[in-house]
Amino acid sequence: MDPQQVVQSITMGSRIAEDERDDLSSYFVETENWRKVYHGEADVIFAPKGGGKSAIYSMLMSREGDFFDRGILLATAENPSGGTAFAEVETAPPTSEAEFIGLWKIYFLTIIAQALAQYDLRSDSAQKLSAKLSEAGLLPPSAAPRRQLVRAAMDYVKFLFRPASVEATMTIDPNSGAPVVTPKITFAEPTSEERRGGALFVDELFDLAQEALDEAGTSMWILLDRLDIAFADSPELEANALRALFRVYRDLEPRNKVHLKIFLRSDIWEAITKDGFREASHITRDLRIDWNENTLLRLAVQRLLRSADLRSHYGVDQGEVLSDIERQRAFFYRVFPPQIDQGSKKPSTLDWCLSRTKDGTGRNAPRELIHLLSETRNSQLNRFETGQAAPEEETVFDRQAFKEALPTVSKVRLTQTLYAEQPTLRPSIERLEGQKTRQNAASLASVWGVSDAEATRIAEQLVVIGFFEPRLSDYWVPFMYRPALEMVQGSAEGVAGADEE
């Protein structure tokens, strides 16, 4: 088959799981991590950015029918794509962690009530829960968007916490004109007098939810993903929100019918726990998604094998190739050249790809590898279309296509991830454009026009976000960021170490 036609048939998929929900199931790798989540053995899933947590989340939602057959209702607490449901929280955030705990609890209760109504579960407990929320003006319409539920919960909790609880208040229903009594709701056990006045303890509503689900012979998983987007503009707000979320998780843990499933970036978890977080030691139903050479190889090969033309061109069976890691490796090197830079001391193509798509933490994630291979496909098609030299032997990709693809990947990672998430560090990074790739405190002080001590402080911040890799007393810029900044390989003046791959 014509190599150009073969390459045209290859689709590596989107580097972002949210953008490929319809196709994800055709090449999703069902790992042990997936099995643990699918069977309810893990509640908290940590992964680096682009590390696959959203793919697991998307696959869970794509199998909603399977979960229903298992007696599990799935509900999302965040919009799967587009604008975040928590946008208005940033404009007028809760003033304390306790207030955030109240927001999360009220919000989850409205999600549960909405799901019970959608599935027409009308036991006594379900109706009591519905009635209590209705009395408080919190019963959501069946089709209410998540942002509306968040707004209602946020307004109500503010009403409760400022002051801490609200006395029973009479208002007028705008539709019927009838008086509506809003009962006092507390976030601590009400006194006898408060109960006589109609007070409710918020955890009692979760007891009603537990009973309603138990009577229906089902349970509910509330899924939370995209939390890095929800509170991205304020680290303090993000820390308060997530600390409160994990405290609510601990409060709900004894209930066996309501389960939170939290998908969170590992760097955000490390940031909110670095100064101590007591609840962290009690979170045991967690897993961390890590990737290595073999799992990333399988990911790449599985996506390549989606192409019927590619399978036909090489005469391979998809199941047979995927059944053995060495067959996957052999197939990879039939499609791609053995090396990008030729020489006995140069890395293999896969190692070259992995070294160019990891950051200063040394971690690889699927997102950048998928992006690199997708851009390599585009570069190779351009080479075919412009009549450049054909790939060698039976491969359908030329080594030069990889080099042409890397600058795009580098720029996207730098601008859409690093600059977008770390705007205060952007000026320091931009000042390194055209500089050498190995620096020390003195050379950085010269570039940035600051003292050695200040240069060290900034450099250590860049280490945390993965822009620098520390090497002894020096700082090394990973290959991932070099093309976008047009950096020059080598050591800055006065830096003794060599810049080696």
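This text goes with the structure placed above it.
Described below are features of the structure shown in this document. (Residues numbered from 1 in each chain as written. Predicted model: local features only at pLDDT ≥ 70, side-chain atom pairs only at ≥ 80, totals over all residues. Heavy atoms only, no water.)

Considerations on the packing of aromatic side chains
Worth spelling out the cut-off: Any Phe, Tyr or Trp ring, taking Trp's six-membered ring, that has another such ring centre within 6.5 Å forms a pair; planes under 30 degrees apart are called stacked, those over 60 apart edge-to-face, and the others tilted. Numbering goes from the N terminus for both helices and strands, where a helix is a DSSP run of H or I of at least four residues and a strand is a run of E of at least two. Summary of the burial criterion: residues with accessible area below 20% of their type's maximum are buried, those above 50% are exposed, and those between are partly exposed, where the area comes from a 1.4 Å probe applied to protein chains only. A ring is considered to have a charge above it if a Lys NZ or an Arg CZ atom is located within 6 Å of its centre and within 35 degrees of its normal.
Applying the stated criterion to the full structure yields 25 aromatic pairs. Ring centres of Trp-104 and Phe-231 lie 6.4 Å apart, and the angle between their planes is 80 degrees; this geometry places the pair in the edge-to-face category. In this pair, Trp-104 is assigned in helix H7 (residues 97-118) and Phe-231 in the loop between helix H12 (227-230) and helix H13 (235-252), connecting sequence segments 127 residues apart. Both residues of the pair, Trp-104 and Phe-231, count as buried. Here the aromatic cluster, defined as three or more aromatic residues joined through ring pairs, consists of Phe-86, Phe-100, Trp-104, Tyr-107, Phe-108 and Phe-231. Above the face of the Trp-221 ring, Lys-261 is positioned so that its terminal group lies 4.2 Å from the ring centre.

Quick look at helix H21 (residues 399-421)
What counts is decided by this rule: By this rule the span expected of a helix is its residue count minus one, scaled by 1.5 Å. Bend, at a single residue, is the angle you get between axes fitted to the 7 residues ending at that residue and the 7 residues starting at it.
Taking 1.5 Å per residue as the helical rise, H21 with its 23 residues ought to reach 33 Å, and the 33 Å between its terminal C-alpha atoms agrees with that figure. If you look at H21, its biggest bend is around 25 degrees, right at Leu-414.

Comments concerning the environment of Arg-278
With respect to the helices and strands, the residue Arg-278 is situated in the loop between helix H14 (266-273) and strand S9 (286-288). Residue classification places Arg-278 among the exposed residues on the basis of a relative accessible area of 64%. Separated by 35 residues in the primary sequence, Arg-278 and Arg-243 have C-alpha atoms spaced 9.9 Å apart.

Considering the nonpolar core
Threshold: Only buried Ala, Val, Leu, Ile, Met, Phe, Trp, Tyr and Cys residues count toward a nonpolar core, and they belong to the same one when joined by side-chain atoms within 4.5 Å. Any two residues having at least one pair of non-hydrogen atoms within 4.5 Å are treated as being in contact.
Trp-104, Tyr-107, Phe-108, Leu-129 and Leu-260 are the most contacted members of the largest nonpolar core, which has 67 residues in total. Ranked by the residues each element gives to this core, the list is headed by H7, at 13 residues. When residues no more than four places from it in sequence are discounted, the contact partners of Phe-108 are Ala-77, Phe-206, Ile-222, Leu-224, Leu-245, Val-248 and Leu-260. Among the nonpolar cores identified, the runner-up in size contains 37 residues, and Ile-10, Phe-331, Phe-384 and Phe-402 belong to it.

Structural notes on the pattern of salt bridges
Defined as follows: Here, a salt bridge means any side-chain nitrogen of Lys or Arg that lies within 4 Å of a carboxyl oxygen of Asp or Glu.
Enumeration over the complete set of coordinates arrives at 34 salt bridges. In this structure, Arg-247 and Glu-279 form a salt bridge, with 3.3 Å as the shortest nitrogen-oxygen distance. Here Arg-247 is found in helix H13, whereas its partner Glu-279 is found in the loop between H14 and S9, with 32 residues between them in sequence. Taken together, the shared-partner salt bridges connect Lys-49, Asp-228, Arg-265, Asp-267 and Glu-421 into one network.

Some thoughts on the environment of Arg-311
Short version of the rule: Think of a polar contact as two N or O atoms within 3.5 Å of one another; within protein, one of them needs to be a possible hydrogen donor and the other a possible acceptor, and neighboring residues in sequence only count if both atoms come from side chains.
Relative to the helices and strands, Arg-311 is located in helix H16 (residues 308-314). As a C-alpha pair, Arg-311 and Phe-331 span 20 residues in sequence and 10.0 Å in three-dimensional space. Ignoring sequence-local partners within four residues, the contact set of Arg-311 consists of Leu-305, Arg-306, Val-316 and Gln-318. A polar atom in the side chain of Arg-311 sits 2.5 Å from the backbone oxygen of Leu-305.

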